[in-house]
Amino acid sequence: MQDQITIAKKAAGEKAAEFIRPGMVVGLGTGSTAYWAIQKIGAMVQQGLDIKGIATSEASAQLAKELGIPLTSFAETQRLDMDIDGADEVSERLDVIKGGGGALLREKIVAFHSKQLIIIADEHKYVPTLGNFPLAVEVIPFGWEVTNSKLQTLGCVPTLRKKQQEIFITDNGNYIIDCAFGKIENPQQVHNALHNIPGIVETGLFVQMAHTVVLGYEDGSTKVLQR
Ligand SMILES: O=C(CO)[C@H](O)[C@H](O)COP(=O)(O)O
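Reading the values: rules and limits
- Residues numbered from 1 in each chain as written.
- Predicted model: local features only at pLDDT ≥ 70, side-chain atom pairs only at ≥ 80, totals over all residues.
- UniProt positions renumbered as here; feature names shortened; annotations may be inferred.
- Helix = DSSP H or I, 4+ residues; strand = E, 2+ residues; numbered from the N terminus.
- Rg over C-alpha atoms; globule rule 2.2 N^0.38 Å.
- Buried ≥ 20, exposed ≤ 12 C-beta atoms within 10 Å, placed from the backbone.
- Contact = placed C-beta atoms within 7 Å.
- Pairing = 2+ DSSP bridges.
- Axes fitted to C-alpha atoms, helices over the stretch in contact; angles between N-to-C directions.
- Near = placed C-beta within 6 Å.
- Nonpolar A, V, L, I, M, F, W, Y, C, P; charged D, E, K, R; others polar.
- Core = buried A, V, L, I, M, F, W, Y, C linked by C-beta atoms within 7 Å.
- Domains from an automatic or database assignment.

Looking at an unreviewed UniProt entry, the protein chain carries the name Ribose-5-phosphate isomerase A, with the source organism given as Chitinophaga agrisoli. Entered under Function (unreviewed entry) in the UniProt record, the comment concerning the protein chain runs "Catalyzes the reversible conversion of ribose-5-phosphate to ribulose 5-phosphate." In its Subunit (unreviewed entry) section, UniProt records this for the protein chain: "Homodimer."

Okay, here's the thing in structure tokens:
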């Protein structure tokens, strides 16, 4: 028996997969919502559809392999047709906070080089203004302490991400600092200010990158929003 949130995530993920056409190269997102899109893509591949994926994390690459989805890379493909990925928050302007799963850097690279970014989320992640969810920022381990101090001057409360007492290490060998900003009225400004700090590799703010957002609801229905 699936809980209500799982029903909503599954609905969003499966609906987004309906946008995929044969021959496409598709970005495979990361997280528990992207999981459902990847499952659906796996089923489509099993049915004989020609789809290739570029994974946004080692975890999603592993899942794709288990499902028999052929993986390609940027060595072979410069541009993806579509990227389907989850979110921690989506604003009414369709700006997005990502990185709750720590994959934001690869997610940003894959999204940037995709013709179309489809964000999938359960209904509870759709908010008027971003910022309730702490913003993940990927930082180089060298000097993270001073990067962390500098982050405080931007008006957030930064916390080094840990996993079972150990520092969380991204797929790229970096750290994550979660920045509690409160309401983010101007995401582009915050993103730019963060990028000015040496040591910050990428932020989880995806400003005006999503072309489409698919919201999943607890009754299994979906709503498609276009920018
Ligand atoms: O950005 C992400 C990982 O870096 C995820 O897409 C985001 O955290 C949402 O995850 P979930 O679908 O499990 O709620």
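1. Section: the overall build of the protein chain
In terms of regular secondary structure, the protein chain is built from six helices and 16 strands. Here the C-alpha atoms of the protein chain give a radius of gyration of 17 Å, agreeing with the 17 Å that 2.2 N^0.38 yields for 227 residues. With the C-alpha coordinates of the protein chain rotated into their principal frame, the extents come out at 55 × 40 × 35 Å. Counting all 227 residues of the protein chain, 48% fall into the buried class. Sequence-distant contacts, at least 24 apart, represent 74% of the contacts inside the protein chain between residues at least 6 apart.

2. Details of the sheet that holds strand S3 (residues 82–85)
Ordered in space as S2-S1-S3-S6-S15-S16, the six strands form an open sheet in which the pairing is mixed. Across the chains shown, the open sheet's two edge strands, defined by having one partner strand only, are strand S2 (52–55) and strand S16 (222–226). With strand direction ignored, the average angle separating the axes of adjacent strands in the sheet is 20 degrees. Strand direction decides the pairing type here: strand S6 (residues 117–122) and strand S15 (residues 212–216), joined by five bridges, are parallel. Bridging from a neighbouring strand, Ile119 pairs with Val213 of S15. Packed onto the sheet, helix H1 (residues 4–17) meets S3, S6, S15 and S16 and runs at close to 160 degrees relative to S6.

3. A closer look at the site of the ligand
Residues in close proximity to the ligand total 18 residues, the closest being Gly31, Thr33, Gly86, Gly100 and Gly101. Tallied by class, the residues present in the shell around the ligand amount to four nonpolar, ten polar and four charged.

4. Description of the nonpolar core
Across soluble globular proteins, nonpolar side chains have a tendency to be buried as a group. Ala37, Ile84, Ile119 and Ile120 are the most contacted members of the largest nonpolar core, which totals 61 residues. At six residues, helix H2 (residues 34–46) tops the list of elements feeding residues into this core. For this core, the domains that each give at least three residues are domain 1 (4–127 + 207–226) and domain 2 (135–201). Not counting chain neighbours up to four residues away, the residues in contact with Ile120 comprise Ala12, Gly13, Ala16, Thr33, Ala34, Ala37, Ile84, Gly86, Val214 and Gly216.

5. Section: the UniProt feature "active site" (unreviewed entry) in the protein chain
UniProt marks Glu107 with the feature "active site" (unreviewed entry), using the numbering shown here. One can find Glu107 in helix H4 (residues 104–112). When the 30 C-beta atoms within 10 Å are taken as the criterion, Glu107 is described as buried. Ignoring sequence-local partners within four residues, the contact set of Glu107 consists of Gly29, Thr30, Thr56, Asp85 and Lys98.

6. Focus: unusual backbone geometry
Even without being a glycine, Gln164 presents a positive backbone phi close to 50 degrees. With respect to the element layout, Gln164 can be found in the loop between strand S10 (162–163) and strand S11 (166–167). The exposed category is assigned to Gln164, around which 5 C-beta atoms lie within 10 Å. One non-glycine residue with positive phi stands out, namely Gln208, at about 50 degrees. Structurally, the position occupied by Gln208 is in the loop between strand S14 (205–206) and S15. By the C-beta count within 10 Å, which is 12 here, Gln208 ends up exposed.

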